[in-house]
Amino acid sequence: MPELPEVETVRAGLAEHVVGRTITAVDVLHPRPVRRHAAGAEDFAARLTGRRICDARRRGKYLWLPLDDGDAILAHLGMSGQLLVAPADLPDQRHLRVRLTLGDGQVAPSRCEPSPLELRFADQRMFGGLSISPAGAELPPEIAHIARDPIDPEFDDALFVARLRQRTSALKRLLLDQRLVSGIGNIYADEALWLAMLHGERPSHRLRRSQAVEVLAAVRTVLAASLAQGGTSFDALYVNVNGESGYFERSLEVYGREGEPCRRCGTAIVRVPFMNRSSFYCPTCQPRPRRRTS
DNA sequence: CAGTCGCCCTGCTGGC
DNA sequence: TGCCAGCAGGGCGACT
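Residues numbered from 1 in each chain as written. Chains lettered and ligands numbered in written order. Predicted model: local features only at pLDDT ≥ 70, side-chain atom pairs only at ≥ 80, totals over all residues. Heavy atoms only, no water.

Chain A carries the name Formamidopyrimidine-DNA glycosylase in an unreviewed UniProt entry, which gives uncultured Nocardioidaceae bacterium as its organism. The UniProt entry for chain A carries this comment under Sequence similarities (unreviewed entry): "Belongs to the FPG family." If you open the UniProt record of chain A and go to Subunit (unreviewed entry), you find "Monomer." (UniProt positions renumbered as here; feature names shortened; annotations may be inferred.)

See below:
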């Protein structure tokens, strides 16, 4: 369940290990992860072969690798996706879906044999995928609707607060709306709401300005804390960029803690259904909004 | 237009 | 023991 901190960790790993390399072969083992490439898996593979990766960028939970001709490989990890940098002799993992074989990208041959490297996309549930974004190097048009994330220096706090307060939906729903603010998923939304001591079902247009500001600050706190841990989890050769390991070791305050005591007040954490998933909160620290009588 | 809902997909868990 | 329902959930298309 990669959210912003996990995806950013992946991006940093890719920036270090695949930028500058040339794609020498592409192997699509399952068609679903390349479903967004309308021309099909074979075309996907043919188009990428021979091209050089120039950068590794991210917006929200999307990643993209600008190529030398201005196009880009656009990636989303979905729920269970992983991008792994692995030596070619490492056995395939169970849910390997796409393999990009990488050359070293140097014009002159190196003195010693460079160890062949692969960029592997593995994904158990296949909600994620890879696609080619024509002219997408700067910002893929497919994700132009995705807002900046709260860690982005160009994130506009005042605009976010204003938009939050003019929308009528429940607060948590808006935290998950990637057009408003990106990078937040179900887990960090619950964690941020607990920190801000607000219930996710609060109607956002009735928040005080100071409460909206506090929500944003709480989101930043939670994301920054997780990012600080996620960044420590990969080594130089085998880059496990799933984020899963650092992720569950992280101390969560409410997510997944149904029935356990709130670390602030001791009240048992509650789980409620929300958009075909779950929300966790402390009923004392985060009281449900009172129902309006009219 | 904003808001809301259901679907995509696999594997694990728990109930009977 | 085996089967099946339920759950995990980001994003998008299709509704109201």
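Now that the structure has been shown, the text picks up again.
Novice: Mind showing me how you'd approach the state of the cysteines here?
Specialist: Where two cysteines share a covalent bond between their sulfur atoms, that bond is called a disulfide. Applying the stated rule across the entire model yields 0 disulfides. Between Cys262, a cysteine without a disulfide, and Cys282, which holds the nearest cysteine sulfur, the sulfur-to-sulfur distance is 3.8 Å. When its relative accessible area of 3% is taken as the criterion, Cys262 is described as buried. The thiol of Cys285 is unpaired, and the distance to the nearest cysteine sulfur, on Cys282, comes to 3.7 Å. (Disulfide = S-S within 2.5 Å. Buried < 20%, exposed > 50% of the residue type's maximum accessible area, 1.4 Å probe, protein only.)

Novice: How do you make sense of the protein's contact with DNA strand B when you look at a structure like this?
Specialist: Around DNA strand B, the neighbouring residues are Arg32, Arg94, His95, Gln124, Arg125, Met126, Phe127, Arg167, Thr168, Ser169, Arg173 and Asn276. In DNA strand B, atoms within 4 Å of the protein come 69% from sugar and phosphate. Residue Arg32 places a side-chain N or O atom 3.2 Å away from a phosphate oxygen belonging to DNA strand B. Classifying every residue of the surface near DNA strand B gives 2 nonpolar, 5 polar and 5 charged. (Near = heavy atom within 4 Å. Polar contact = N/O pair within 3.5 Å; in protein donor to acceptor, adjacent residues only side chain to side chain. Nonpolar A, V, L, I, M, F, W, Y, C, P; charged D, E, K, R; others polar.)

Novice: Is there a simple way to think about the domain arrangement of chain A in this case?
Specialist: Many structure descriptions define interface size as the accessible area lost when the parts assemble. Considered domain by domain, chain A is made up of domain 1 (4-143) and domain 2 (157-229 + 239-281). Placing the centre of domain 1 and that of domain 2 at their C-alpha centroids yields a distance of 30 Å. Taken residue by residue, the interface counts 16 residues in domain 1 and 15 residues in domain 2. When domain 1 packs against domain 2, the two sides together hide about 1,300 Å² of surface, and 64% of this comes from carbon and sulfur. Viewed at the interface, domain 2 and domain 1 are joined by 0 salt bridges. Taken together, the links from domain 1 to domain 2 amount to 4 residue pairs in polar contact (both at pLDDT 80 or more). Those elements that provide at least two residues to the side of domain 1 that touches domain 2 are helix 1 (4-17) and strand 5 (81-87). Counting residues per element, the side of domain 1 that touches domain 2 draws most heavily on helix 1, at 8 residues. Looking at the side of domain 1 that touches domain 2 residue by residue, the class counts come to 6 nonpolar, 6 polar and 4 charged. (Domains from an automatic or database assignment. Contact = heavy atoms within 4.5 Å. Buried area = accessible area lost by both parts, 1.4 Å probe. Salt bridge = Lys/Arg side-chain N within 4 Å of Asp/Glu carboxyl O. Helix = DSSP H or I, 4+ residues; strand = E, 2+ residues; numbered from the N terminus.)

Novice: I would appreciate a short explanation of the layout of surface pockets in the present structure.
Specialist: A water-sized probe, rolled over the atoms, reveals where empty space remains. Taken as a whole, the largest pocket spans an internal volume of roughly 680 Å³. If you go around the largest pocket, you meet 23 residues; those closest to its centre are Lys61, Met79, Gly185, Asn186 and Arg277. The class makeup of the residues in the lining of the largest pocket is 11 nonpolar, 7 polar and 5 charged. For the lining of the largest pocket, the two domains that each supply at least three residues are domain 1 (4-143) and domain 2 (157-229 + 239-281). (1 Å grid on protein atoms, 1.4 Å probe; cavity = no way out; pocket = protein on both sides within 12 Å on 5 of 7 lines; lining within 4 Å. Points joined across faces, edges and corners; volume = space filled by probe spheres on them.)

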